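Structure assessment
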Amino acid sequence: MRPYRSMLFVPGHKGSWADKAVATGTDAIILDLEDSVPASDKELARKTVVESISRLHDQGIRADVWVRPNSRVTGLMGADLDAVVVPGVAGLLLPKTFDAKDIIQIDAVVSHLEETRNLPAGEIGLLLSLETASSMANCEDMAAAVPRVASLLGATGPNADVGRELGFEFTPEGLETLYLRSRIVLACRANGLHHPIGGVWQAIKDLDGFRTFAEDNRRLGYRGMALIHPSHVEITNEVFTPSPEKVEFYRRMVQAFRDAEAQGHGAVDFEGQHIDLAHAKTAEGVIALAEAVSAV
């Protein structure tokens, strides 16, 4: 998956909002067919989402377009997938998943639709939203279920599905979700998924609180956030973009190590720090991330 710093939800039945979302500078938009769409508008939302995908695809927009279908347990997912697996869709954010079997079955449906519609095989990614106790317990197996899995998302804000399922009380400090968030990062990294996605901050007007929340997730290993409000995009992109000062520091570190290596040394004193190959690899990773997000 491309390194999305920001993924902004857009209610699927509000077509003009998709264009407004793109204008925020978000790396990706998620056209929602699930919770933000009233039951009476589900069919209309499918049509509107397909129209939005087609329009944005024809415009060649920079932001990638994802879709959140309704969950399997609603009985609506089949019609959702049949409608939205079309050119221009980067992936599907799957809500309320339970285990690896769930993912394998959905992958088979998407593969069939790609084949019958002459779409590139395996190109549509799956972002798994871990909103059930079962999915949290099975996250490692789910991350490894099929090659189409692009990343995991979980441990969202107060009063949402995860808190209700597990019975915890949300706090901005996040100690009640620290284990869950850490396990999601580990499940991703252990399966070669290098861009875990955090979320969701619900106190829309508390931008200082959101910045702290985003920074805490970045330190934990997350590389981006799912967002519910446009005002959070700029902060998110800033938080998850390595600063020019950090990038320059790591460029100097790599150069210092390479110079030492050329002289037959496996380690060197760099600006007061002992560094070796492991540190150089870490530095190269930060530089690569900075270059990748600048190209998004």
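What counts, and at which threshold
- Residues numbered from 1 in each chain as written.
- Predicted model: local features only at pLDDT ≥ 70, side-chain atom pairs only at ≥ 80, totals over all residues.
- Heavy atoms only, no water.
- Helix = DSSP H or I, 4+ residues; strand = E, 2+ residues; numbered from the N terminus.
- Rg over C-alpha atoms; globule rule 2.2 N^0.38 Å.
- Buried < 20%, exposed > 50% of the residue type's maximum accessible area, 1.4 Å probe, protein only.
- Expected span 1.5 Å × (residues − 1).
- Contact = heavy atoms within 4.5 Å.
- Axes fitted to C-alpha atoms, helices over the stretch in contact; angles between N-to-C directions.
- Left-handed = near helix turned anticlockwise from the far one by under 90°.
- Nonpolar A, V, L, I, M, F, W, Y, C, P; charged D, E, K, R; others polar.
- Pairing = 2+ DSSP bridges.
- Right-handed = clockwise from strand over helix to strand, strands pointing away.

**Remarks on the overall build of the protein chain**
Within the protein chain, the regular secondary structure consists of 12 helices and 10 strands. Over its C-alpha atoms the protein chain spans a radius of gyration of 20 Å, differing by no more than 12% from the 19 Å that the globule rule assigns to 296 residues. When its C-alpha atoms are laid out on the principal axes, the protein chain stretches across 70 × 45 × 35 Å. Counting only residues that meet the buried cut, the protein chain has 50% of its 296 residues in that class.

**Quick word on helix α2 (residues 42–59)**
Between its first and last C-alpha, α2 extends 26 Å over 18 residues, near the 26 Å set by a 1.5 Å rise per residue. Those residues of α2 not exposed but buried are Lys42, Ala45, Arg46, Thr48, Val49, Ser52, Ile53 and Leu56. Packing partners of the buried residues in α2 comprise α1 (15–23), β2 (28–32), β3 (64–68) and α3 (77–84).

**With respect to unusual backbone geometry**
Among all residues except glycine, the phi angle is most often negative; among peptide bonds, the trans geometry is most common. The step from glycine 199 to valine 200 runs through a cis peptide bond, and the omega angle for that step is -15°. Tracing the backbone shows valine 200 in the loop between β7 (197–198) and α9 (207–220). You will see that lysine 96, though not glycine, has its phi angle at about 50°, which is positive. Structurally, lysine 96 is set in the loop between β4 (91–94) and α4 (100–116). For asparagine 118, which is not a glycine, the phi torsion comes out positive at approximately 60°. Mapped onto the elements, asparagine 118 comes out in the loop between α4 and β5 (125–130). By relative accessible area, asparagine 118 is classed as exposed at 72%.

**Some points on the environment of leucine 119**
Mapped onto the secondary structure, leucine 119 falls in the loop between α4 and β5. Distance from leucine 119 to valine 85, taken between C-alpha atoms, is 8.9 Å for residues 34 residues apart in sequence. Setting aside residues up to four positions removed in sequence, leucine 119 forms contacts with Val85, Val86, Pro87 and Glu114.

**Regarding the packing of α3 against α4**
Interhelical geometry of α3 versus α4 gives an angle of 30° and a closest axis separation of 10 Å. Regarding α3 and α4, the two cross each other, and that crossing is right-handed. Note on element contacts: α4 touches α3 through Ile106, Val109, Val110 and Leu113, opposite Met77, Leu81 and Asp82. Classifying every residue of the contact of α3 with α4 gives six nonpolar, no polar and one charged.

**Quick notes on the pairing of strand β9 (residues 267–270)**
Bridge count between β9 and strand β10 (residues 273–276): four bridges; the pairing is antiparallel. Following the sheet pairing, alanine 267 is matched in β10 by aspartate 276. Where β9 hands over to β10, the hairpin turn is made up of two residues, of which glutamate 271 adopts a positive phi near 50°.

**Observations concerning the side chain of arginine 46**
Summarising the element assignment, arginine 46 is placed in helix α2. Taking relative accessible area as the criterion, arginine 46 reaches 14% and is therefore assigned buried.

**Let's talk about the pairing of β2**
For β2, a buried count of five out of five residues is recorded, marking the element as mostly surrounded by other parts of the structure. Residues of β2 alternate between two faces, with Ala28, Ile30 and Asp32 on one and Ile29 and Leu31 on the opposite face, all of them buried. When strand β1 (residues 6–11) meets β2, the two strands line up parallel, connected through five bridges. In the sheet register, valine 10 faces β2, and the bridge partner there is leucine 31. Chirality of the crossover, the property in question, places the unit of β1, α1 and β2 among those that are right-handed. Where β2 and β3 come together, five bridges link them in parallel fashion. From the neighbouring strand, leucine 31 faces β3, where its bridge partner is valine 67. In this fold, β2 hands off to α2, which returns the chain to β3; that crossover is right-handed.

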